[in-house]
Amino acid sequence: MPEKQVEKPFRSSIPEEKLTRARKMRKEGMSYQKIADDLGIAYSTLRYAISPGVRKRNKEWYEENKERNKESCRKWHKDHPGYSKEKSKEWRKNHPEYNKEYREENPEYSKEYYRNNKEHKKECSKEYYRKNKERIKERRKEWRKNNPEYMKKWREANPEYAKEHSKEWREDHPGYGEKWRKDNLAERNAHTAKRRALKRAATVGDLDEIKKIYRKARENPGICYICGKQIPDEFLGKGQVDHIFPASKGYPTASFNLAVVHARCNFRKGTRMPDGVDMHDRSVVERARQGCNLVLFWKLLKLILGLKTGRIGEVR
Ligand SMILES: [Zn+2]
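All of these numbers come straight from a predicted model, not from anything done at the bench. (Residues numbered from 1 in each chain as written. Predicted model: local features only at pLDDT ≥ 70, side-chain atom pairs only at ≥ 80, totals over all residues.)

1. What to know about the confidence of the model for the protein chain
Reasoning step 1: Of the residues in the protein chain, 91% have a pLDDT of 70 or more, and the chain-wide mean is 82.
Reasoning step 2: Per-element confidence in the protein chain ranges from a low mean pLDDT of 45 for helix H1 (residues 2-7) to a high of 92 for strand S2 (residues 258-261).
Reasoning step 3: A low-confidence stretch, residues 1-7 (pLDDT under 50), is modelled with 1 contact involving residues beyond four sequence positions or located in other chains.
Reasoning step 4: Note that residues 310-316 has pLDDT below 50 and, in this model, 13 contacts with residues that lie over four places away or in other chains. (pLDDT = per-residue confidence, 0-100. Helix = DSSP H or I, 4+ residues; strand = E, 2+ residues; numbered from the N terminus. Contact = placed C-beta atoms within 7 Å.)

2. Points about the nonpolar core
Reasoning step 1: One finds Ile 213, Cys 224, Ala 259, Val 260 and Val 261 to be the most contacted residues of the largest nonpolar core, which totals 27 residues.
Reasoning step 2: At the level of elements, helix H15 (185-199), helix H16 (207-219), S2 and helix H18 (282-305) are the ones that each hand at least two residues to this core.
Reasoning step 3: Not counting residues within four places of it along the chain, the set of residues in contact with Ala 259 comprises Tyr 225, Asp 242, Ile 244 and Val 284.
Reasoning step 4: Counting 5 residues, the second-largest nonpolar core is a separate cluster that includes Ile 35, Ile 41, Leu 46 and Ala 49. (Core = buried A, V, L, I, M, F, W, Y, C linked by C-beta atoms within 7 Å. Buried ≥ 20, exposed ≤ 12 C-beta atoms within 10 Å, placed from the backbone.)

3. Points about the packing of H15 against H16
Reasoning step 1: At a minimum axis distance of 8 Å, the contact between H15 and H16 shows a crossing angle of 130 degrees. By the angle between their directions, the pair H15 and H16 is classed as oblique. Read as a crossing pair, H15 and H16 show a hand that is right-handed. Contacts between H15 and H16 pair Leu 185, Ala 186, Glu 187, Asn 189, Ala 190, Ala 193 and Lys 194 from the former with Leu 207, Ile 210, Lys 211, Tyr 214, Arg 215 and Arg 218 from the latter. (Axes fitted to C-alpha atoms, helices over the stretch in contact; angles between N-to-C directions. Parallel < 35°, antiparallel > 145°, perpendicular 65-115°, else oblique. Left-handed = near helix turned anticlockwise from the far one by under 90°.)

4. Side note on the domain arrangement of the protein chain
Reasoning step 1: Along its sequence, the protein chain is carved into domain 1 (2-81) and domain 2 (185-305).
Reasoning step 2: For domain 1 and domain 2, the distance between their C-alpha centroids amounts to 95 Å. (Domains from an automatic or database assignment.)

5. Quick look at the pairing of strand S1 (residues 240-243)
Reasoning step 1: Burial of the side chains of S1 extends over both faces: Gln 240 and Asp 242 are buried on one face and Val 241 and His 243 on the other.
Reasoning step 2: Across 4 bridges, the pairing between S1 and S2 is antiparallel. The partner of Gln 240 across the bridge, within S2, is Val 261. (Pairing = 2+ DSSP bridges.)

Listed below in structure tokens is the structure:
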């Protein structure tokens, strides 16, 4: 590379206007060093720009004294360890496009370099990750958000990894799952009740209505229909939802047969029929009885008419 530069006509990187000023200053007898300092130019750059012959003479002199120069150069670098490394690092930082071009033009070299410095490269990557952890994580998160389809495929292709990953995520976000479960408790309870009722082939009413009751039990329990006392807000577990006519005896899971109660009252009642229990609000029981009777009547009618019952559901 240096040989080529000798043949190329020298063109200074100093802007023309600055160069004119420098020439004028030099004519006025100012020293090269002073001019360079004043204009903020490197000494040798200025020197070569003003008198190109110097560059040529220097080159010739260098060639003539090559061995000696090399020796002193080596000595200098030995006395200034890290200097050239720092300098080239700085230069590379300021010329990123050069590095990229170089890698593209010399793919073999890059590969070879990587092979020879595998461990070092790995260390570098790790170090980089450690230093920029938050930024990298943020970027990945953004990418995953923008590529949900890809992530879905990835999870299917790597179930083990996905499992491990969600485990890590849960560890990084303690309490999240608990919060989610809490926020969706009413819905989940309603679904559980429906699932159980279907398992027993019992009648299930409108799910939204059932959900409403479970939500009421959690958020605004009001008065317990068994003992007639207020269910306190701060009461652990708040209200519970009771099947007025017991589900265990095949009575339907539907809004008319559900009511909010104290956990302790629910426990005391157990799976007994409501008629044998001391009760504050009998009207709730009567309403439930009517609903249950209607369901029973409907079931019998279907049976008598030979209608296909299939999964009995959606009796409102
Ligand atoms: Zn009660």
